[in-house]
Structures are given as structure tokens and as C-alpha cells.
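# Overview (structure and organization)
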Amino acid sequence: MKNDDSYASRRQFLRTLAASGAIAVSDLAWLEAPYLSPRKAHAATTVRFEFYINEPARYAVVQSLVDRFNKSQSDVEVKVEFVPQTQAHQKLITAINAKNPPDCCQMWDQWLGEFVGLDALEDLTERVKGWKFYPSTTPTAWQALTVKGGIFALPLSITTEAIYFRPDRVKEYGLRMPDENWTWDDFLALAKGMTKPEKNQYGFGMRGAGKWAVPYATAFMYGNGAQVLKDGKVVINSPEAVSALEWYIDLFRRWKVTPPSVPTDGFRQIVQGFSRGITNMYFHNSGSVEEQKKAIGAERFATVPMPIGPAKKRSAFYFCETLVMFKASKNKEGVWKFLTYMMEDEQHYQFTKVAGNLPTRPSLSGQPPFNEAPYSGFVKSFPFAIVSPYLTYAGWGGKLESEGMPLLQQALLGQISPKECLDKWADVLTKNMV
Amino acid sequence: MNRDATLAATAPRALLSHASWEALANYAYLLPAAVCLGGTVLLPILKAIHMSLYQNVLIRPQDYRFIGLGNYVRIVQDPVFWLSLKNSIVWTFGSVFFQFIFGFMVALLLNVPFRGRVIFRTVNLLPWIIPSVVVGLIFEYIYQPNYGPLNDLLGRSGLMRAPVAWLSDPNLAMPAIIFANIWRGMPFFTIMILAGLQAIPGEIYEAATVDGAGVFQRFRSVTLPMLRPIIVVSTVTRTIWTFNHPDLIFVMTGGGPGNATMIPSAYTLIQAYINLDWGYAASLSVILLVILLVFTALYLKLTKGVEEVAG
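All figures in this text were calculated on a predicted structure; none of them were measured in a lab.

## A closer look at the overall build of chain A
- Within chain A, the secondary structure is distributed over 18 helices and 12 strands.
- The long-range fraction of contacts in chain A, counting pairs at least 24 apart against all pairs at least 6 apart in sequence, stands at 76%.
- Accessible surface, chain A: about 17600 Å² in total, of which carbon and sulfur atoms supply 54%.

Here's what the structure looks like:
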């Protein structure tokens, strides 16, 4: 299906090529610096570090950071093991059960409760409180990393969700540009106005598959005053939640402002749908900003906070990439040295720039590219963002995908009503409050 | 006369007879294979049965305990399991039936001499050579409703007005995946049947022709009976593989939408690696084992009949 947006002029092409070349040269110079001179570490103790890869750029920056660290040390040597992200969780659990975890690793915050429950992580509270960057780190980061009163990780990067949209198409179709005070009605009007099936364009790229399908729907429910937990009881099937889910599902079933593939659209599909010019809005964290910059250009998309719901509320969930130390490590001082090295200004900035997530210190997040337009929706979302309620119990983690996602898909397909979907989901959550 | 000197000493009686020694030696030759098979097949099965009797959720080691048949009771009460079992019947028999029909047709075509036959035979093998995960990704792209080539082709040819969500519609997802599996598995039947066709002596066809048999009679009375052993073995083997392998489904839909393409082997994987509920996953594997044992018994019964026919 032909899409005019996928064709660039020769001038655009050459400009993009030159810009990419310049970025590549400057990045390469930084990334490859450790290879330019021999290593200094001799007779050092080894630290095993596992890092999870979902894109090649992360591999390059982490390898470079590790090499730089090794070059600067005489008593500690870090050996990094790259693991595909899709296998990471299962491999780590298996390693812990086999009593052979790494010394430290990168970990998503939604796993923390589970691994603390397994008694596998070192409580870093005391070390963190004495660390030089503790006071200057955004408090929300510490909030996301606190489990049962203890801090179990360092915040490698932080982000939250916002709506990506195409200002050029908003103008083209003569619609009202979204601003930070927009509402659900404005959102629906914009999604309808930007749905042009004859051009193979849809207003909103909704996520119906993967682990985040349910949390994204939940974030909308919070805009209608719903909650997952209230006074220790699961209330995700409240009338407010049901009414919000009805509205959310209507985007697909009634208003048809989404692509017809929603029930099986995961992360890759919603990101690519936007970068191919098929969808004109989608909801995601800042992790796909850099990809969209390369795909459609920074000047052709923007981000805006979640619209305000009927209850005059809105929400987005924090998302934190962390560094953790394992309890079983025999070289905790070496691990701490490495983890804090990764959080130094230059290293932290370089990593977050590549990852597309935000640094956890305002002094760094105020620098380019984080103070530029594509990131503004995320920065503006922090004041109302909350820690994901699905992090409350370790037993909820796996259920989001194995039970929550099929229920949401059934509701999207009209096989069950939104109320039945949430009643069943509340039942699953209640049974797994462990 | 020295009496003692004339008496021959009685030879001590052998501990085992010659025949017993021979049998023992034969068993000793089998021992390495038996140890290997026991270690790689029997022990894991026993371990899975053992695991299935425990509550064993990796993220809750404190709850690890013996629960007897608790996991099996859970299976009986689990609607997703029953749905997956129903789906697996459609998935397995839908795939194998059409793989066989089309594979047979292609084998008959490739058995006829024509120019470029070697190239066609090689090309025919490609779907079988490509890893199934790659096949899944290729077909996922082909079926993509918004930018996939299938909808594009249907749209351009005027056969489709609105994009069809092949993998997101519960009524279309299973047929779409079965089609991908037919494409992938067809060469297996083609190769097997082609080998069988080439092993049929030409004299039998000549004799049948002399006796006045036409094309269809030769096919019915010579080709099919001669191919029976190969058809039985390949069909039963492929049925077991298809029932047991969730790779295409896992890549293309993950069992969705709304469990519409969930089969027991995919469900077992989800329980083991997403929910980390190894006790429940083990009990699902044991159920799968029992179902496959029934298939195997059928296979042995059918192949025994085949041997008698062939003999």
C-alpha cells in the first residue's frame, strides 16, 4: 500500500545521510576510545555483569563503558555477558535457582519485586544513602526502586509514557493541535480526524499484545478515577474502570480509529506503524524517540502528555532501567565500584542518550537531546506519573502477559464484555497477591 | 596300578552356560545405548512426572511442596487447556492433511521426467530448509494488515476493500497459521513420497499396462499400495511433530488473539517461561506425553500392519 510519507526527496536523503554520518563519527569516536590505547588492568578480580540487549546501539555503548572502566582499574575487571532481552528474565531466574547468578546486571524495575522475593538481590539502601549522587537523583527514581522499604538498585535511566503524534498531519487535516491540557474528547476527535482508511492511515496505534497491553489500558482507566488497588483490595473492576475500558475498546471496535490488527499488535507493531506513517498517534515511553528520529525525522513528530480523563485525572507509569547487585556476589566492593562508575555524569549521559530514556539527574536531563521537542511530552508527564501498580506483587508480573493479555484481546474481539474482562482480571490479581 | 593316575579330574562346572554368556555379552553391547537413552529420554520423563506432583513456581520457592495430583486437577478445571486441546486438533489435522495432499501432488509431478526437474526439486526443498522461526516471521510480514504484501495484492486486484487482519481475527488466525505450516511441511511429504515412487519397479507398471489397467487403475492398484508403508510412517511422524511443535504459533500469534491459536505445547511453554510455574508446566507436559503415547501406539500398530503387507 503506497504511502507518500515513505518517499523522501533527494535533498532530504542527502541531508539525513550527512547528519547520520556526523552523528556516527562523533559517537564512534567516543565509543571506540577505549580501543585506542592498551588496557591497564592486571591481576584484577573479576566481576560478571549481565546486560540485556534489544537493539545493537545498546551493545556498542555498554561494551565501550565496560572497556573504559576496565582500563581505569587495576584491581577489578568486569566481564560483560550480553543476553537477548526476550530470554533475560527466564535465564536469570534459572541461574538463581542453580545458585549461579552473575555479580550484577541490568534489570527492569518491574522485575525487582520478584527478585527481592527470591532473596537474590543485595539491599543497597545504606550504600545508596552515602552515595554522592543520592540527593541529586530525582526522588521518583528512588520511589520506583524501593521494595519493602529497601533500595535494591541504581537508576540507570528513567522514563514514563506519553502520546507520540504527527504535528504535520494535524496541520494537514486542519485539526486542533494537542496541548498538555487536552482531554479524552480532544483525543478522540483528533484520532477520528486523523483516521483516513483510504490513505491507509489510522488515528491511534493501540497495543493489544505483549506484557504492556494491559498496563497501557490501565493508564487510561486511571484517567477515569479507577485504581488497581485500594486499601489492600483489588478494585480494577470498579464502575470507573469498566466505563474507561469500554471507552478504550470503542476506539478499536466502535470508532475504528486504530488499525484492524490491534489484538495482536505489540511493541514492534505500534512503533513501526507510526514510523511507516500508518498510525498518527501511539502511546509509549521515550524508548522509541531515537528510533522515530531516524525513521521519520525529529521535526515530523512530537510528544504530549496523556489526555485528561472524565475524572479530571490522568496517569502514566514510571519505567526504570536499573543496575542491581546480587546477594551471592563474592566481590561486592568491586561491583559497587563498577555500578557507581556507570552512574557518573559522562557515562550516565552517554548511555541514556543511546537508550532514548531520560537521565535520573536534572543536571543531565536538562541537556540536549532531552530538553528538545521529542522528549517534552515525557518531561511534562513526570509530575503526575506514578509507579506502576502492577509492581506491587511479584506474583502479578507474569500474569500480565499470560492471563491479562488474552482477556484484553477477548474484550477487543467482543468475545467478552469489558466488565467480564475486568472481573476476571481482578480475580487473577486477587489470587496472586504474593 | 595307580588308581588316582587313571582318573581324570572333573572340570569345574561353568558358572554360566555358553548361551547365557552370549546373551550377557549381547546385553553388554546394548548397555551404552541403553544408558544414553535412559539418561536423555527416560530420566527427563521421570523428572517431569516427579515435578508435576509439586507446587513449583520459580518465583515463589517458599511455597514449594508436594501437592500430589493437584496440578492435574487444575488442568481438568482449566478452560484454556481444553480450548488449546480443541485448537490442536484443528491445527494438527488441518496442517497434516493438506501437507499430505499437496505434497503427494508435487511428488507425482516431480516423478515425471521434464527439463529442469533437478532445479524444481531443489526449490521445492526450500520451505523445509528454512528454520521455522524464520518461516513464522516471513508469514507474519506477509499477513501484516497495514503494509503486508498479501493485503496489498488483494487491494490492488480489487478483491479486498478494507484491510483484513489475518492474524488478529480469531476466525482467520488459525487458518492463516495452518496455511503457513502447510507451506513449510509440504516438502517433507514430497521427498518421502517421491523416494517411494522411485522405488516402485517399472516392471509392475508395465505388467499392469499389459493387463489393460488405465492410469487411475494403476494409481489405485499399484502406486497407492506400494506407497502405503511410506504414507503411514510419514503421516504419523508428521502428526506427532505438528502436535508437539509450537514454534510457528509462538512466533506468529503467541497463541492469540484471545487464545484462538493456543495449543497445549505453546501453553506449556507459557506456563514454564512466562509464569515460571514449572510444576503446572510439567503436568501439562505429562498430559502431552500421554496423548503422544496414544499416537505412538497407533503408529506402532499401523506400521506393524505395514510390515506384514510389505512382507
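## Here we look at the domain arrangement of chain A
Residue and element names in this part refer to chain A.
- Along its sequence, chain A is organised into domain 1 (32-159 + 320-380) and domain 2 (161-316 + 393-431).
- One C-alpha centre belongs to domain 1, the other to domain 2, and the line joining them spans 30 Å.
- Taken residue by residue, the interface counts 20 residues in domain 1 and 19 residues in domain 2.
- Ranking the residues of domain 1 by area buried against domain 2 places Pro-374, Phe-378 and Lys-380 at the top, with a combined share of 38%.
- Scanning the region where domain 1 abuts domain 2 turns up one salt bridge.
- Across the contact surface, domain 1 and domain 2 share seven residue pairs in polar contact (both at pLDDT 80 or more).

## Comments concerning a nonpolar patch on the surface
All names here are of chain B.
- Side chains of Phe-97, Phe-98, Ile-101, Phe-102 and Met-105 sit close together on the surface and give an oily, nonpolar patch of about 460 Å² of accessible area.
- Considering the arrangement of structural elements, one finds Met-105 in helix α4 (residues 79-110).
- Of the residues examined, Met-105 reaches a relative accessible area of 48% and is grouped as partly exposed.

## Remarks on the interface of chain A and chain B
- The interface of chain A with chain B comprises 33 residues on the first partner and 28 residues on the second.
- At the boundary of chain A with chain B, the tally comes to zero salt bridges.
- Taken together, the elements giving at least two residues each to the side of chain A that touches chain B come down to α3 (85-97), α4 (109-117), α11 (267-275) and α17 (399-412) of chain A.
- For the side of chain A that touches chain B, the class distribution of residues is 12 nonpolar, 16 polar and five charged.

## A word on the environment of Pro145(B)
- By secondary structure assignment, the location of Pro145(B) is in the loop between α6 (132-143) and α7 (149-156).
- C-alpha of Pro145(B) to C-alpha of Ala176(B): the two residues are 31 residues apart in sequence and 12 Å apart in space.

## Quick word on the packing of aromatic side chains
All names here are of chain A.
- Scanning the model with the defined rule gives 59 aromatic pairs over all chains in all.
- For the ring pair Phe-49 and Phe-338, a centre distance of 4.9 Å and an interplane angle of 70° mean the geometry is edge-to-face. Here Phe-338 lies in helix α13 (residues 332-342) and Phe-49 lies in strand β1 (residues 45-53), a separation of 289 residues in the sequence.
- With a relative accessible area of 0%, Phe-338 lands in the buried category.
- A ring pair is formed by Tyr-216 and Phe-283, whose centres lie 5.0 Å apart and whose planes are at 70°; its orientation type is edge-to-face. Placement of Tyr-216 in helix α9 (residues 213-222) and of Phe-283 in strand β10 (residues 281-285) is noted, with a sequence separation of 67 residues between them.
- On the basis of relative accessible area, Tyr-216 is assigned to the buried category, the value being 2%.

## Let's talk about the nonpolar core
- By size, the foremost hydrophobic cluster in this structure holds 141 residues, and its most contacted members are Phe49(A), Met107(A), Phe220(A), Ile236(A), Tyr248(A), Met281(A) and Trp425(A).
- For this core, the element with the highest residue contribution is helix α10 (residues 239-253) of chain A, accounting for nine residues.
- Sequence-distant contacts of Phe220(A), that is, excluding residues within four places in its chain, are made with Ile163(A), Trp184(A), Phe187(A), Phe204(A), Ala244(A), Trp247(A), Tyr248(A), Phe283(A) and Met306(A).
- Membership of the second largest hydrophobic core comes to 28 residues, among which are Leu85(B), Tyr143(B), Ile270(B) and Tyr280(B).

## Examining the sheet that holds strand β12 (residues 319-325) of chain A
All names here are of chain A.
- On the basis of which strands lie adjacent, the open sheet formed by five strands has the order β2-β1-β3-β12-β6 and mixed pairing. At either margin of the open sheet sits one strand with a lone partner, and together these are β2 (76-84) and β6 (154-159). Taken pair by pair, the neighbouring strands of this sheet meet at an average axis angle of 20°, ignoring direction.
- Across the sheet, helix α2 (residues 56-72) lies against β1, β2, β3 (104-108) and β12, angled at about 170° from β2, the strand it touches most.

## Topic: the pairing of β1(A)
Residue and element names in this part refer to chain A.
- Sheet topology note: the β1/β2 ladder contains nine bridges and is parallel. Its bridge partner lying in β2, Phe-49 is registered against Val-80.
- By the bridge criterion, two bridges tie β1 to β3 in an arrangement that is parallel. Bridging across to β3, Glu-50 finds its partner in Cys-105.

## Overview of the sheet that holds strand β11 (residues 302-304) of chain A
All names here are of chain A.
- Ordered by their spatial adjacency, three strands build an open sheet running β10-β7-β11, and the pairing between neighbours is antiparallel. Unpaired on one side and paired on the other, β10 and β11 mark the two borders of the sheet. The sheet shows a mean angle of 40° between the axes of neighbouring strands, taken without regard to direction.
- One ladder, built from five bridges, connects strand β7 (residues 161-165) with β10; its direction is antiparallel. Its bridge partner lying in β10, Glu-161 is registered against Asn-285.

Reading the values: rules and limits
- Residues numbered from 1 in each chain as written.
- Chains lettered and ligands numbered in written order.
- Predicted model: local features only at pLDDT ≥ 70, side-chain atom pairs only at ≥ 80, totals over all residues.
- Heavy atoms only, no water.
- Helix = DSSP H or I, 4+ residues; strand = E, 2+ residues; numbered from the N terminus.
- Contact = heavy atoms within 4.5 Å.
- Areas by Shrake-Rupley, 256 points an atom, 1.4 Å probe, with all protein chains shown as cover.
- Domains from an automatic or database assignment.
- Buried area = accessible area lost by both parts, 1.4 Å probe.
- Salt bridge = Lys/Arg side-chain N within 4 Å of Asp/Glu carboxyl O.
- Polar contact = N/O pair within 3.5 Å; in protein donor to acceptor, adjacent residues only side chain to side chain.
- Patch = residues over 30% accessible without salt bridge, like charges linked within 9 Å, V, L, I, M, F, W, Y side chains within 5 Å.
- Buried < 20%, exposed > 50% of the residue type's maximum accessible area, 1.4 Å probe, protein only.
- Nonpolar A, V, L, I, M, F, W, Y, C, P; charged D, E, K, R; others polar.
- Phe/Tyr/Trp six-rings, centres within 6.5 Å; stacked < 30°, edge-to-face > 60°.
- Core = buried A, V, L, I, M, F, W, Y, C linked by side-chain atoms within 4.5 Å.
- Pairing = 2+ DSSP bridges.
- Axes fitted to C-alpha atoms, helices over the stretch in contact; angles between N-to-C directions.

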